[in-house]
Amino acid sequence: MSPDWQFDIPSALLVGALLTLLIGLVLMAVARSVPDAVRPAVRWWVVATLVQPAGFVLITLRGGAPAWATVVLANALIAFAFVAYALALHRFFGSRARPAPLLAPWLVVVAGSVWWGLLVPDLTARLVVVSLAMAAILAYGARTLYRHAHRRDRLHHVVGLSFAAAGGILAYRAGVLLVDPARVTGVFTLNHVQILTYAVGGILPVVATVGFLLMGNERSARELERAARVDYLTDCYNRRAIEELGARMMAAARRHGMSLAVLVIDLDHFKRINDELGHAAGDEALVRSVERIRDCLRADDLLGRLGGEEFVVLMPNTDSASAVAAAERIRENFNALPLVLGDVLRPVTLSIGVAVLAPADRLFSQLLQRGDRAMYAAKNAGRNLVIADPMSGWVDTRP
Ligand SMILES: Nc1nc2c(ncn2[C@@H]2O[C@H](COP(=O)(O)OP(=O)(O)OP(=O)(O)O)[C@@H](O)[C@H]2O)c(=O)[nH]1
């Protein structure tokens, strides 16, 4: 280091502690606005950002306060904060936390601090063991993140690389001490190893927390976007999404000279289910029906709920005969097997209208309207029926 440079580790630790605490408070303030699913993760992260500064402050008191506090408690708190960060990532990705792989290194930190800090004082052994155990916790956190994060989502690198860098620095310190124990004669010894550990170690939680905040924000945005496109009850697309996707599919079909079919599916006498079994059973019937219909479809068909008990299937690259065959398969499935609503078996039939993209269709709504008309024709013809719109080639599959 240049002779003009001054660096003092306790000050760096206090600044790091203050920054971590402040960003933890920011996170606490936004915790209420994150989606419910992310809230437990945010809570663990807030715990980490409150506990870690306490550990850092205790380290600055070394020499002036008893070793059980400045060594054992300080290390236990910092290692606990690392465990809490890792648990936060576990929760963020929805996995139930299995603390065992995190508890073991935390216990090593505590036991190593007690043994080589209080009972048989040995700075080198203590720093090596504590550094390696803490590095293991951080590596576990980074692994959790990289196992679950979406590949296209680059944001998680901010958190993942912060974990990996902090773990790497601690492992590097252990390596240097093993090779050359004389390098560190006290915790505040000024050399590149200690400066890296405490200066970078104080900055990384702040960087990681910013990354975590942005991850939470992105998750909120994605969930809002999803909520705007998905039917809350049945989890298939809602009307708005279907109209958007339908228009897009129609344009693609035109561009590539391919066909596009729609099925408009309506449950017959659905009102009777509500009237006889109650509204909750009616809701369940809608959910079970969506599952059934989905099971009958190809991977690139899209299913949506237009409202009430009316559904639509968008079938790319499908001609009239194939669409009618698919509709017939769905109708027959319902006709053959009653829906299971709790303990009740309830026979439900379907009326299905089929329409295929015609040269005259300018808007997706026109195609959908023809499907809807065909569905009503099936209703008027006695229900439990598939009818194709005349412009798609009239087909009546009355059994
Ligand atoms: N449980 C439940 N019922 C709904 C929901 N949306 C609409 N409904 C009910 O669905 C029923 C639809 O009744 P109708 O339009 O008369 O149709 P239907 O009884 O199926 O008769 P057809 O279509 O002519 O065979 C109404 O009673 C609505 O209250 C929903 O989300 N959940």
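Residues numbered from 1 in each chain as written. Predicted model: local features only at pLDDT ≥ 70, side-chain atom pairs only at ≥ 80, totals over all residues. Heavy atoms only, no water.

The protein has the name diguanylate cyclase in an unreviewed UniProt entry, where Arenimonas fontis is given as its organism. Note on the protein: under the UniProt heading Cofactor (unreviewed entry), the record states "Mg(2+)". As its UniProt record puts it under Catalytic activity (unreviewed entry), the protein is described as follows: "2 GTP = 3',3'-c-di-GMP + 2 diphosphate". (UniProt positions renumbered as here; feature names shortened; annotations may be inferred.)

> I tried to follow helix α10 (residues 279-295) on my own but got confused; where do I start?
Three- or four-residue spacings in an α-helix give side chains the same orientation, since the helix completes a turn every 3.6 residues. Helix length check: α10, at 17 residues, gives a terminal C-alpha distance of 25 Å against a target of 24 Å (1.5 Å per residue), a fit within 8%. Residues of α10 that are buried: Ala281, Gly282, Ala285, Leu286, Val287, Ser289, Val290, Arg292 and Ile293. (Helix = DSSP H or I, 4+ residues; strand = E, 2+ residues; numbered from the N terminus. Expected span 1.5 Å × (residues − 1). Buried < 20%, exposed > 50% of the residue type's maximum accessible area, 1.4 Å probe, protein only.)

> What's the story with the domain arrangement of the protein in this structure? I'm lost.
Many descriptions give the size of an interface as the accessible area lost when the pieces come together. Here the domain parsing of the protein yields domain 1 (9-228) and domain 2 (239-396). Spacing between the C-alpha centres of domain 1 and domain 2 amounts to 53 Å. (Domains from an automatic or database assignment.)

> Would you mind showing me how to read the site of the ligand here?
Among the 17 residues in the neighbourhood of the ligand, the closest are listed as His269, Phe270, Lys271, Asp283 and Arg305. Lys271 is positioned such that a nitrogen or oxygen atom in its backbone is 2.8 Å from an oxygen atom of the ligand. Between the ligand and Asp283, the relevant distance is 2.6 Å, taken from a nitrogen atom to a side-chain nitrogen or oxygen of the residue. Bound to the protein, the ligand loses 67% of the 670 Å² it would expose on its own. Sorting the residues of the shell around the ligand by element identifies β1 (260-267), α9 (270-277) and α10 as the ones contributing at least two each. A per-element tally of the shell around the ligand places α10 first, with 4 residues. (Near = heavy atom within 4 Å. Polar contact = N/O pair within 3.5 Å; in protein donor to acceptor, adjacent residues only side chain to side chain. Areas by Shrake-Rupley, 256 points an atom, 1.4 Å probe, with all protein chains shown as cover.)

> Which parts of the structure should I look at to understand the packing of helix α1 (residues 9-30) against helix α2 (residues 39-60)?
In helix packing, the relevant descriptors are the interaxial angle and the interaxial distance, both defined with respect to the helix axes. Contact pair α1 / α2: the axes reach a minimum separation of 8 Å and the direction vectors enclose 160 degrees. Considering the angle they form, α1 stands roughly antiparallel to α2. Considering how the two elements wind past one another, α1 and α2 form a crossing that is left-handed. Residues Pro10, Leu13, Leu14, Gly16, Ala17, Thr20, Leu21, Gly24, Leu25, Leu27 and Met28 of α1 pack against Val42, Trp45, Val46, Thr49, Leu50, Gln52, Pro53, Phe56, Val57, Ile59 and Thr60 of α2. (Axes fitted to C-alpha atoms, helices over the stretch in contact; angles between N-to-C directions. Parallel < 35°, antiparallel > 145°, perpendicular 65-115°, else oblique. Left-handed = near helix turned anticlockwise from the far one by under 90°. Contact = heavy atoms within 4.5 Å.)

> Would you take a moment to explain the state of the cysteines for this structure?
Such a bond, covalent and formed between the sulfur atoms of two cysteines, is termed a disulfide. Taken as a whole, this structure holds 0 disulfides when the rule is applied. This cysteine, Cys296, is not joined by any disulfide, and Cys236 carries the nearest cysteine sulfur, 14 Å off. Accessibility expressed as a relative area gives 12% for Cys296, which makes it buried. (Disulfide = S-S within 2.5 Å.)

> Any chance you could explain the UniProt feature "transmembrane region" (unreviewed entry) in the protein here in plain terms?
UniProt's entry tags residues 12-30, 42-61, 67-88, 100-119, 125-146, 158-175 and 195-216 with the feature "transmembrane region" (unreviewed entry), counted in the numbering of this structure. What you have in residues 100-119 is 100% helix and 0% strand, and the ends, taken at the C-alpha atoms, are 27 Å apart. Along residues 195-216, the helical share is 100% and the strand share 0%, with 31 Å between the first and last C-alpha atoms.

> What am I meant to see in the side chain of Thr20 here?
As for its placement among the helices and strands, Thr20 is situated in helix α1. Since its relative accessible area comes to 1%, Thr20 is described here as buried. Reaching out from Thr20, the side chain makes a polar contact with the backbone oxygen of Gly16 at a distance of 2.7 Å.

> Explanation requested: the packing of aromatic side chains in the structure shown.
Describing an aromatic ring pair means giving the distance of the ring centres and the angle of the ring planes. A complete count under the given rule lists 6 aromatic pairs for this structure. Between Trp45 and Phe212, the ring centres sit 4.2 Å apart and the planes meet at 5 degrees, which makes this aromatic pair stacked. Here Trp45 is found in helix α2, whereas its partner Phe212 is found in helix α7 (residues 192-229), with 167 residues between them in sequence. Per residue, the accessibility class of Trp45 equals that of Phe212, and both read buried. On the basis of an interplanar angle of 80 degrees and a centroid distance of 5.2 Å, the ring pair of Phe92 and Phe93 is categorised as edge-to-face. Aromatic ring contacts, followed pair by pair, group Trp45, Tyr85, Phe92, Phe93, Phe163 and Phe212 into a single cluster. Cation over ring: Arg219 sits above Phe92, and NZ or CZ is 4.1 Å from the ring centre. (Phe/Tyr/Trp six-rings, centres within 6.5 Å; stacked < 30°, edge-to-face > 60°. Lys NZ or Arg CZ within 6 Å of the ring centre and 35° of its normal.)

> Looking at this structure, how should I read the pairing of strand β7 (residues 385-388)?
Both faces of the sheet carry side chains from a regular strand, because those side chains alternate between them. In β7, alternate side chains face the same way, and those of Leu385 and Ile387 on one face and Val386 and Ala388 on the other are all buried. As paired elements, strand β6 (residues 350-356) and β7 share 4 bridges and run parallel to each other. Bridging across to β7, Ile352 finds its partner in Val386. Read from β6 through helix α12 (residues 364-380) to β7, the crossover connection turns out left-handed. (Pairing = 2+ DSSP bridges. Right-handed = clockwise from strand over helix to strand, strands pointing away.)

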